[in-house]
Amino acid sequence: MSEFIQYTLQGLAAGGFYALSALGLAVIFGVLGVVNFSHGACYMLGAVLSAVLLAELNVGFWAALVIVPILMFGFGVLMERLLVRWLLELDPLYNFLLTFGLTLVIVEAVKQRYGVSGLPYQVPAGLGGQVTVGSVNLSVYAIFACLFSVVVCVAVGLLLTKTRIGMIVRAATESPDRTRALGINVGLWVTPVFGFGIALAGLAGVLAAPTRAITAEMGSNFIIILFAVVVIGGLGSILGAVVAGFLVGLVEAYGIAYAPTYAQIVIFVLMAIVVLVRPSGLFGREEVA
Amino acid sequence: MSDDTTDTAGTTTTEQASLSGAGSTAGAEPGPSRMLEVAGLSAWYGEARVLTDVSIDVAPGEVVTLVGRNGAGKTTLLRSVMGLHRQTEGTITLDGTDLAKRSADARARAGIGWVPDDRGIYASLTVAENLLLPPVVHADAWPLERVYEFFPVLHERRDFPGTKLSGGEQQMLAMARVLRMGSRLLLLDEPSEGLAPVIVQRIGEIIREIKGQGVGVLLVEQNVTFARAVADRHYLLAQGKVVEHLGNDDFKAREGELLTYLGM
Ligand SMILES: Nc1ncnc2c1ncn2[C@@H]1O[C@H](COP(=O)(O)OP(=O)(O)O)[C@@H](O)[C@H]1O
Ligand SMILES: [Mg+2]
């Protein structure tokens, strides 16, 4: 029983990384119609930047939690302004391929600069060790990562549902053209939304840094699972992205614990079942094409 | 039977010629100051030309209809005026200003209000949010209280997701949204389609109300009875061309003939 609770916590912590990143992927897809393949690479950059800030500038975890998302926001803004923007009018496949190519560039650049072995990063002071709840030992950092992700997801949810900006983003997600015809300059929101989505991936990377091997390749597997998350949650559904993120984290953790041989497959079995039962995903709107 | 005459290009041309002859625009003088002026507009989807040299105008406080069969190009014309369909030639001016370089959102802020054929209600926005999304663009815009007074059902359902409303209520919401925005020229795409007679009547009331405020209305309609009950002038569109331009009296006098022509 106590092991089960530990696996659950690990799963929820990992699920938080997926949920934050998938949230970013979902708002970018909603407003721009772009499936950002480089999202995994941006997650990796978030983790690498945390390690580099610590090693080279002695900037710790707490500061990284603020600085890295800001840097990644800037990276996203540049990426949208310099590259993505020019292909928005074309078939969405062009931007998918662009971001795929960009992923290769980012990963190779990180390999060139920092090599292929993992960068060191410790669990920050105060978040190390275990707490004993009843008879169960729980990792303090996993509890923190899990709560932190939930808080950020709720905050983004409030931003989307309770503010005028959120209302515009929801409207543009449903139909950019119709929203333009109602007097809203949707183009004005495209760049900040893209930057915001990338910042969320970066934030997930910072949170993951103390618990993962930080390598140039750490985003490659991540992006594949992220696509599964988005399919399970329903493409374009923001709530779906978050719920499916945590769900996939859990399923993955139980898989690793109880069926290690099949751990990688379980998620895709889950995805196949969801797609068979509800092709538009758990929270996707069923559309008549 | 009427299908037979439109099957070949040859007979269609003859039919158009006979319909557009005989000085039929006599009863349809445009208003003194034109709000919307579309001149020589052609539109394409890829290689397919769907509008040819269309010229129409709407004055403030005037209700003008576009009548024509399915596929005649009515929706494309409205989307071109709104700036959503860009593959066009010709000029579109609003209050004398050329709109060519204006984006759809700039046109909306300049006073054009679009009520699309699918009503365009957002599922992820509540009824109240649907109303409050667009910016207020004119001093004559209806305040929210007035909107709710005029459409009590929207007040009752203000916290419901927009698409949880019935078809008729969604149509009210789409109209209310452009009134709250204060649009000076409304583009209404088949607002009566698929709605119960009492709701169609209500839409008629709304159109008369805003007409009194000097709002211009370009109304796409296939419901000829409704069209003649609310409109001042009518343009008949066939295969992307304006084939008739009639005042309401002429329209009424020739209703039988027009219904046949429209295949309705
Ligand atoms: N997105 C599109 N792509 C290609 N052809 C289109 C598109 N939309 C409409 N058309 C064609 O353009 C013509 C005019 O359509 P439309 O403006 O919708 O007519 P109406 O509103 O009068 O029924 C039709 O022949 C239609 O098939
Ligand atoms: Mg139409």
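Residues numbered from 1 in each chain as written. Chains lettered and ligands numbered in written order. Predicted model: local features only at pLDDT ≥ 70, side-chain atom pairs only at ≥ 80, totals over all residues. Heavy atoms only, no water.

1. Focus on the overall build of chain A
Convention followed: A helix here means a DSSP run of H or I that spans at least four residues, while a strand means a run of E at least two residues long, and both kinds are numbered starting from the N terminus. Note on method: radius of gyration uses C-alpha positions; expected globular size equals 2.2 Å times residues raised to 0.38. Burial here depends on accessible area, computed with a 1.4 Å probe over protein chains only, as a share of the maximum for the residue type. Under 20% is buried, over 50% is exposed, and the range in between is partly exposed. A contact between two residues is defined here by any heavy atoms of the two lying within 4.5 Å. A 1.4 Å probe and the Shrake-Rupley method give the accessible areas. Residues count as covered only by the protein chains that appear here. Positive: Lys, Arg. Negative: Asp, Glu. His and the chain ends are not part of the count. Working definition for charges: the position is that of NZ of Lys, CZ of Arg, CG of Asp or CD of Glu.
Looking only at helices and strands, chain A features 11 helices and 2 strands. Reading chain A from its N terminus to its C terminus gives the helix and strand order α-α-α-α-β-β-α-α-α-α-α-α-α. In terms of overall size, chain A behaves like a compact globule, its C-alpha atoms giving a radius of gyration of 19 Å where 289 residues would be expected to give roughly 19 Å. Principal axes of the C-alpha set define a box for chain A whose edges measure 60 × 45 × 35 Å. Taking all 289 residues of chain A together, 51% fall into the buried category. Taking the intrachain contacts of chain A between residues at least 6 apart in sequence as the baseline, contacts between residues at least 24 apart amount to 77%. Summed over its atoms, the accessible surface of chain A is roughly 13100 Å², and 71% of this surface lies on carbon and sulfur atoms. Within chain A, the 12 negative side-chain charges are centred at a point lying 9 Å from the centre of the 12 positive side-chain charges.

2. A few points about the overall build of chain B
Summing up its helical and strand segments, chain B has 12 helices and 10 strands in all. Looking at the 264 residues of chain B, the share that counts as buried comes to 53%. Long-range contacts, defined as pairs at least 24 residues apart, comprise 72% of the intrachain contacts of chain B with a sequence gap of at least 6. Of the accessible surface of chain B, which amounts to about 10900 Å², a share of 51% is contributed by carbon and sulfur atoms.

3. Brief notes about the interface of chain B and chain A
Heads up, the condition is: Buried area is calculated as the accessible area (1.4 Å probe) missing from two parts once they are joined, with the contributions of both summed. For this analysis, a salt bridge means a side-chain nitrogen from Lys or Arg found within 4 Å of a carboxyl oxygen belonging to Asp or Glu.
Facing 22 residues of chain B, the contacting portion of chain A comprises 18 residues. With both chains or domains summed, chain B and chain A bury close to 1700 Å², and 59% of this area falls on carbon and sulfur atoms. Summed over the three residues of chain B that lose the most area to chain A, namely Asp105, Tyr122 and Leu133 of chain B, the buried surface amounts to 34% of that side. Counting across the interface, chain B meets chain A through 2 salt bridges.

4. Details of the sheet that holds strand β5 (residues 97-98) of chain B
All names here are of chain B. To keep it simple, the criterion reads: Strand pairing is assigned whenever DSSP detects at least two bridges linking the two strands.
Judged by pairing direction, the sheet is antiparallel, and its 4 strands sit side by side in the order β2-β1-β4-β5 without closing on themselves. If you trace the sheet from one side to the other, it starts and ends with β2 (48-58) and β5, each paired once. As judged from the 2 bridges shared by strand β4 (residues 88-94) and β5, these two strands associate in the antiparallel manner. For Thr93, the partnering residue across the bridge sits in β5 and is Asp98.

5. Some remarks on the packing of helix α1 (residues 2-32) of chain A against helix α8 (residues 187-208) of chain A
Residues and elements named next belong to chain A. In plain terms, the rule: Every axis corresponds to a line fitted to the C-alpha atoms, with the helix fit spanning only the stretch in contact, and the corresponding angles, defined between N-to-C directions, vary from 0 to 180 degrees. The labels follow the angle: roughly parallel below 35 degrees, roughly antiparallel above 145, roughly perpendicular from 65 to 115, and oblique for the rest. Throughout, a crossing is termed right-handed when the near helix is turned clockwise from the far one, and left-handed when it is turned anticlockwise from it by less than a right angle.
It is at 8 Å that the axes of α1 and α8 come closest, and there the two elements cross at 170°. The orientation of α1 relative to α8 falls into the category roughly antiparallel. Seen from above, α1 lies across α8 with left-handed handedness. On α8, the residues that touch Phe17, Leu20, Ser21, Leu23, Gly24, Val27, Ile28, Val31 and Leu32 of α1 are Val190, Val193, Phe194, Phe196, Gly197, Ile198, Leu200, Ala201, Leu203, Ala204, Leu207 and Ala208.

6. Details of the sheet that holds strand β7 (residues 185-189) of chain B
Residue and element names in this part refer to chain B. Strand order in the open sheet made by the 6 strands is β6-β7-β8-β3-β9-β10, with mixed pairing throughout. Because the sheet does not close on itself, it has two edges, and the strands there are β6 (112-115) and β10 (241-247). Between one strand axis and the next, the sheet turns by 15° as a mean value, whatever way the strands run. Where strand β3 (residues 63-67) lies against strand β9 (residues 233-238), 4 bridges are found, and the strand directions are parallel. By the bridge assignment, Val67 is partnered in β9 with Leu236. Taken strand by strand, helix α3 (residues 74-82) contacts β3, β6, β7, β8 (216-221) and β9, and its axis lies near 150° from that of β7.

7. Structural notes on a nonpolar patch on the surface
Residue and element names in this part refer to chain A. Our working rule: Nonpolar side chains (Val, Leu, Ile, Met, Phe, Trp, Tyr) within 5 Å and like charges within 9 Å form the patches, drawn only from residues with over 30% relative accessible area and no salt bridge.
Side chains of Tyr262, Ile265, Val269, Ile273, Leu276 and Val277 sit close together on the surface and give an oily, nonpolar patch of about 660 Å² of accessible area. Within the secondary structure, Leu276 is located in helix α11 (residues 263-277). By relative accessible area, which is 73% here, Leu276 ends up exposed.

8. Quick look at the site of ligand 1
Residues and elements named next belong to chain B. What counts here: Near, as used in this document, describes a residue that has one of its heavy atoms within 4 Å of the molecule or strand being considered. Whenever two N or O atoms come within 3.5 Å, that pair is a polar contact, provided that in protein one can donate a hydrogen and the other can accept it, and provided that, for residues adjacent in sequence, both atoms are side-chain atoms. Only Asp, Glu, Lys and Arg are considered charged, only Ala, Val, Leu, Ile, Met, Phe, Trp, Tyr, Cys and Pro nonpolar, and every remaining residue, Gly among them, polar.
Taken together, the neighbourhood of ligand 1 is formed by Tyr45, Val50, Arg69, Asn70, Gly71, Ala72, Gly73, Lys74, Thr75 and Thr76. A distance of 2.7 Å is found between an oxygen atom of ligand 1 and a backbone nitrogen or oxygen belonging to Gly71. Between ligand 1 and Thr76 there is a distance of 2.5 Å, counted from an oxygen atom to a side-chain nitrogen or oxygen. In the complex, 55% of the free accessible area of ligand 1, which totals 560 Å², lies under the protein chains. Ranked by residue count, the leading element in the shell around ligand 1 is α3, at 3 residues. Tallied by class, the residues present in the shell around ligand 1 amount to 3 nonpolar, 5 polar and 2 charged.

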